[in-house]
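Structural features, examined
Here are the chains, one letter per residue:
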Amino acid sequence: DAKTTQPPSMDCAEGRAANLPCNHSTISGNEYVYWYRQIHSQGPQYIIHGLKNNETNEMASLIITEDRKSSTLILPHATLRDTAVYYCIVSNQGGKLIFGQGTELSVKP
Amino acid sequence: EAGVAQSPRYKIIEKRQSVAFWCNPISGHATLYWYQQILGQGPKLLIQFQNNGVVDDSQLPKDRFSAERLKGVDSTLKIQPAKLEDSAVYLCASSLDGLPYEQYFGPGTRLTVT
């Protein structure tokens, strides 16, 4: 079973920041938070991951709370192409990806 | 760099028939995964290969599903006989070192069992 809880759906206006929350209250010390997304009719795509520090790359930022029980994926300037299902996954470095149902993000013009 | 290739993209069969899916991973990727994604759910790992050896097949229904990865490159996933509940998208992914953040997924094969 997935170890994370995400809202089933969210809307975001094009050009605005999309903030996708994830709860992982049972995360253990050696487990990372991974984010993947799946655009319709495509396979999942890796976005970002982190252990306890905030992380940023060309696609997104990941903010992890100090107690590590929750995190937020931030897409700073959402575009229509960011419409997808976003999966938050908790796993250790050598572990497998266990996908939940994710958050369906709709970016609207 | 070429991505993960899968074929066919779509397949429709009747229940009790057999079907096979093919996957060609990214060149040099030692780890290969097969996932099953039922409509409305996230992908579920069926089997993981490291080169041509099985690392994890705990979620593979072995009475009807089989998979092989000959020579540690291409892989095939077979279902025999198919059931209605096998209708799903079958995704193949590969990674260089088996790390969770470096899985690259193919486009999937959509299977419909009637």
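Our subject is the structure that appears above.
Rules of the game
- Residues numbered from 1 in each chain as written.
- Chains lettered and ligands numbered in written order.
- Predicted model: local features only at pLDDT ≥ 70, side-chain atom pairs only at ≥ 80, totals over all residues.
- Heavy atoms only, no water.
- Disulfide = S-S within 2.5 Å.
- Helix = DSSP H or I, 4+ residues; strand = E, 2+ residues; numbered from the N terminus.
- Buried < 20%, exposed > 50% of the residue type's maximum accessible area, 1.4 Å probe, protein only.
- Contact = heavy atoms within 4.5 Å.
- Buried area = accessible area lost by both parts, 1.4 Å probe.
- Polar contact = N/O pair within 3.5 Å; in protein donor to acceptor, adjacent residues only side chain to side chain.
- Nonpolar A, V, L, I, M, F, W, Y, C, P; charged D, E, K, R; others polar.

**Structural notes on the state of the cysteines**
The tally for this structure, following the rule as stated, stands at two disulfides over all chains. Disulfide pairing places A:Cys22 opposite A:Cys88 at an S-S distance of 2.1 Å. As the torsion about the S-S bond is roughly -80 degrees, the A:Cys22-A:Cys88 disulfide counts as left-handed. One end of the pair, A:Cys22, is in strand 2 (residues 18-23); the other, A:Cys88, is in strand 8 (residues 84-92), and 66 residues separate them in sequence. A sulfur-sulfur distance of 1.9 Å marks the disulfide that ties B:Cys23 to B:Cys92. When the S-S torsion is -70 degrees, as for the bridge of B:Cys23 with B:Cys92, the disulfide is left-handed. Of this pair, B:Cys23 sits in strand 3 (residues 19-24) while B:Cys92 sits in strand 9 (residues 88-95), placing them 69 residues apart in sequence. We note that B:Cys23, like B:Cys92, is buried. A disulfide-free cysteine, A:Cys12 has its sulfur positioned 18 Å from the sulfur of A:Cys22, the nearest such atom.

**Things to note about the interface of chain A and chain B**
Taken together, the contact pairs 18 residues of chain A with 19 residues of chain B. With both chains or domains summed, chain A and chain B bury close to 1,400 Å², and 54% of this area falls on carbon and sulfur atoms. Looking at the side of chain A facing chain B, the largest losses of area belong to A:Lys96, A:Leu97 and A:Phe99, adding up to 31% of the total buried there. Connecting chain A to chain B are seven residue pairs in polar contact (both at pLDDT 80 or more). Put simply, the parts of the chain that give the side of chain A that touches chain B at least two residues each are strand 3 (31-38), strand 4 (45-50) and strand 8 of chain A. Here the side of chain A that touches chain B is built from residues that sort into seven nonpolar, 10 polar and one charged.

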